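# Structural overview for review
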Amino acid sequence: AWLLNVEGSHQLEDRFLCCFLDEVNERLRSDGLPPVPHQHFIVEQEQNTRSTRLGADIADIVMRGERTALVIENYHISDGHGHDYQAYYDFGASLVEEQCVVVMLCDIRDDSLLEDGWKRAPVVTYSTLLNRLFDDIGADLDYQNAHPEQFWFLSQMKQHFLKGKRVNDDASLEFIKAL
């Protein structure tokens, strides 16, 4: 959510948001669906997608734009792990008039685990996002010089999370130690 917020302290402005939308749009186009337009989004975390009488079902990130809502489940592997895809979709559709997209954001993509509507969700992995971001900022000396702490932090994320390792407790502890 921090990286998706264009006003975040990362100083990337909309660069990460564009990377994310490009990844989502590649998957939407491959399924013959219309792409999400680049626009300003309000980014919120931990949003209940159901009425309280039905029990909570919390989406990790909700992005609300003028025309489009994205409801994002952020989990280490690409399964719905008990979340209700349709509730996520209905919640997002209630926020905007035009387009709702439910997205699975994860470390490990395993399409065989996508059930109960989650097959319709574009799956975006952390590694594709960080690699796409570094294709953009890796050679941008202006960004690196103007924001050395942010670039260092992002570089550490890339170095410690894109070695093909699962992001488990040991990997998280290794990352924290490196910082």
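Notes on the structure follow.

Trans peptide bonds make up most of the peptide bonds, and negative phi angles are found at most residues other than glycine. Phi at Gln11 is positive, roughly 65°, even though this residue is not glycine. Here Gln11 is to be found in the segment before helix 1 (15-30). Here Gln11 falls in the partly exposed class, since its relative accessible area comes to 38%. In this structure, Asp116 is a non-glycine residue whose phi angle is positive, near 50°.

The subject of this paragraph is the packing of aromatic side chains. Per the counting criterion, the structure on display carries four aromatic pairs. For the ring pair Tyr85 and Trp118, a centre distance of 5.5 Å and an interplane angle of 80° mean the geometry is edge-to-face. Of this pair, Tyr85 sits in helix 2 (residues 85-95) while Trp118 sits in the loop between strand 4 (99-108) and strand 5 (123-125); the two residues are 33 residues apart in sequence, bridging distant segments of the chain. Each member of the pair, Tyr85 together with Trp118, is buried. Between Tyr88 and Trp118 the ring centres are 5.4 Å apart and the planes differ by 80°, which places this aromatic pair in the edge-to-face class. You can see Tyr88 sitting in helix 2 and its partner Trp118 sitting in the loop between strand 4 and strand 5, a full 30 residues away along the chain. Across this residue pair, the class does not change: Tyr88 and Trp118 are buried. Members of the aromatic cluster, joined through ring pairs, are Tyr85, Tyr88 and Trp118.

On to the packing of helix 1 against helix 3 (residues 126-137). In contact at an axis separation of 9 Å, helix 1 and helix 3 are set at 130° when each is read in the N-to-C sense. Relative to helix 3, the element helix 1 is oriented oblique. Crossing hand, helix 1 versus helix 3: right-handed. Touching Arg15, Phe16, Cys19, Phe20, Asp22, Glu23, Glu26 and Arg27 of helix 1 are Thr128, Leu129, Arg132, Leu133, Asp136 and Ile137, all from helix 3. Within the contact of helix 1 with helix 3, the residues separate by chemical class into six nonpolar, one polar and seven charged.

Conventions and cut-offs
Residues numbered from 1 in each chain as written. Predicted model: local features only at pLDDT ≥ 70, side-chain atom pairs only at ≥ 80, totals over all residues. Heavy atoms only, no water. Helix = DSSP H or I, 4+ residues; strand = E, 2+ residues; numbered from the N terminus. Buried < 20%, exposed > 50% of the residue type's maximum accessible area, 1.4 Å probe, protein only. Phe/Tyr/Trp six-rings, centres within 6.5 Å; stacked < 30°, edge-to-face > 60°. Axes fitted to C-alpha atoms, helices over the stretch in contact; angles between N-to-C directions. Parallel < 35°, antiparallel > 145°, perpendicular 65-115°, else oblique. Left-handed = near helix turned anticlockwise from the far one by under 90°. Contact = heavy atoms within 4.5 Å. Nonpolar A, V, L, I, M, F, W, Y, C, P; charged D, E, K, R; others polar.

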